[in-house]
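Structure assessment
Here is how the chains run, residue by residue.
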Amino acid sequence: MVNVEESEDLLAPFNSTQKSLIAARNDGCQMYVILIANGLQVGRLLSYGDRYRVLNTRAKYIILLDNRLFERKLHYLWKRIINVVFIKKHIGKKGLDKPAKSDWYELTTVPFPINFGNTLIPRRLDIWTKKKFRKGTDLFKDKTADLKNETLKVVAFAHTPGTEKSNFTDSNKIRTILRADNDELFTGLEIEILDTISKLMNFHCDLYQAENPGLELWGRKLVDGLYTGLLGEMVTARAEIALGDLYYIPYILNIMDLSTPYNTECLTFLTPESMTDISWKTLVLPFSPIMWGCVIVCLFISSVSFHLLSKFQVYLKRVKKSQEFREEEEMRQEGNKKKVMNMSMVKMDFNMTYSLMKEQHKRIKERDSEGLYQFSEPGNSILYTYSMLLLVSLPKLPTGWSLRMLTGWYWLYCLLVVVAYRASMTAILSRPTPRVTIDSLQELLESKLTYGGWGEINSEFFKSSPDDFINAVRRNFEVMNNSEEALNKVAEGRFAFYENIYFLRALILKREIRHQGALANITDSTFETTDLQMQPSRYLHIMKDCIINMPVSIGLQKNSPIKPRVDKLIRTILEAGLIHKWLNDVMQKIQTERSDNTEEGQKALMNLRKMYGALVILGIGFVMGFMAFTGELLYYYNVVTIKPGYNKYSRVIIEQDK
């Protein structure tokens, strides 16, 4: 119960009244009973509640009837507060010789949906007399279920995928979605949704565009507090419905009501692809940096393992041959004990034994290195391990079962790595030349590009976000209301354009079609002079990372009474899968046209640019070989030739006997 003073101005109520109204709204109050006899006060109270949303306009209202509530300036209220019952008391007549009849009450409401014009005449619902209703009419009947062929004003502008201008002439496909002045026809996802809702709620649409739709778009706030574009039409209540990919954000919710989101759109940037040629990286592109690191680590570990096992095998052979030599020597010594020999024979036998031992050790050393020379030296071990990775056969199978087992498994590893590398290399060479792209917000910030988007709606998101990266974008964010100008700046490599991915795909297709028309010297009034100046070498790229997945809704007039019904129907359409189907229909045409226009540019042709990687590697090999050759010459002339034992005729170092 809220009591107000007779002198209180309810257009600017006291704090206690404001707090009571806010508390009732927060508690979900579904009925207001206003027993104020002064119609001026009631009108100001309802105006205040509607403007600042402290009253639930979709709740039920019981108000004392006062003709001052139906003044023209308050007509807009009764298009929003439709669940209202006005009570008017009638005094019973008195007779001369009869007792007074009981008083009776007339219950009326506002007509909906009817365009009142200049005069609003309430419609009678029922009469209360003798403690009962005369008809028993439902006082709060749902008036939005059937709008009785009412015509609603719909403001829109072309914005993919919600709305787009079309050249269709078949009126059976899209009904009543025509602009009155020049019969422009709109298609798109939101048009399909609105067409379905209009059939279910039984109303017609009078679709029009705000002034300068190509520049104002959603609209902006002027210095005097007024709005332009689509937002201006909704603020002034000239339109009941708004179409144009309206984002579910506080900036728009403060101006109008939004239906339940029917889709979420990925908002990201359209960026220029770098013109830096990376063809010289062709040989390293098949593997990622982590993969290359793993291959190098495995190569190092394998070469060390081969070298250590080779050393171990040499050691085992030497131990075995030394043992055999000792056994032979022991047998020879036992045979010598049985013979009687003089001292000269003993001395001769000793010299012969020494010569045999020296020759035996030489043969053992030679046999030890057979099959192990590939890995016995560290340098050779690295080279032969690397050659196996390139599928080059070893000159001889290594001896020793440990080396043979490791060699077999290492060959399987080499086979898998090489097959994967070849397959990836084939895929790279069979597709268009790889380009450097910007796919994350961090890369975009590092690129030093400026950023921008359509209208103040996009800039408001960057201003309100607490994310550090987004705040960094906000400092360079520019409002661009001309998509052609923004597209040209992106093509010049100095700008990133912010929009939803569907709109960006359509924008790229539009540029490609116009560019092909310019190349073919097609003279058409739809081509602008800027189209002929487009650079064909500059490719455009849609950033893969989404800045935000933004909910998208249909706009309704502030405190619109049809919002609950529209929300229910949109949820039904969404659950039926029609939203997904209509979105695919809209984008299918764009994808088909783009594939047709870019088919030639996507052919995988082998050219010299793709072979730059091989030329770079060959050049590196020549440089390294020349450096090694130069080092050998320097070593020869500065180290070898100055040794005392060097013979300039035989070019060898003569070793003097000690």
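Nothing here was measured: the structure is a model prediction, and the numbers come from that model.

What follows deals with the state of the cysteines. Enumeration according to the criterion identifies one disulfide in this entry. Two residues share a disulfide in this structure: C266 and C546, whose sulfurs sit 1.8 Å from each other. Of note, the bridge from C266 to C546 carries an S-S torsion of about -110 degrees and is left-handed in sense. Remark: C546 occurs in the loop between β17 (540–542) and β18 (548–556) and C266 occurs in strand β13 (residues 263–272); sequence separation between them is 280 residues. Judged by its relative accessible area of 34%, C546 is partly exposed.

A cluster of nonpolar side chains, namely V297, F300, I301, V304 and L308, defines an oily patch on the protein surface of about 480 Å² accessible area. One can find V297 in helix α7 (residues 289–338). Looking at V297, the relative accessible area reads 47%, which means it is partly exposed.

On to unusual backbone geometry, then. Residues F112 and P113 are joined by a peptide bond in cis, for which omega reads 0 degrees. For the bond running from T160 to P161, omega is 5 degrees, close enough to zero to count as cis. Within the secondary structure layout, P161 lies in the loop between β7 (150–156) and β8 (164–166). One non-glycine residue, K148, lies in the positive phi region at around 55 degrees. Overall, the relative accessible area of 60% leaves K148 in the exposed class.

Our next topic: the pairing of β7. Of all seven residues making up β7, five are buried, and the element is well covered by its neighbours. Relative to strand β10 (residues 203–208), β7 runs parallel, the two being bridged by six bridges. Among the inter-strand pairings, L152 is bridged to a residue of β10, identified as C205. Summarising the sheet, β7 and strand β11 (residues 241–247) pair through three bridges and their orientation is parallel. Bridging from a neighbouring strand, A156 pairs with L243 of β11.

About the criteria used
- Residues numbered from 1 in each chain as written.
- Predicted model: local features only at pLDDT ≥ 70, side-chain atom pairs only at ≥ 80, totals over all residues.
- Heavy atoms only, no water.
- Disulfide = S-S within 2.5 Å.
- Helix = DSSP H or I, 4+ residues; strand = E, 2+ residues; numbered from the N terminus.
- Buried < 20%, exposed > 50% of the residue type's maximum accessible area, 1.4 Å probe, protein only.
- Patch = residues over 30% accessible without salt bridge, like charges linked within 9 Å, V, L, I, M, F, W, Y side chains within 5 Å.
- Areas by Shrake-Rupley, 256 points an atom, 1.4 Å probe, with all protein chains shown as cover.
- Salt bridge = Lys/Arg side-chain N within 4 Å of Asp/Glu carboxyl O.
- Pairing = 2+ DSSP bridges.

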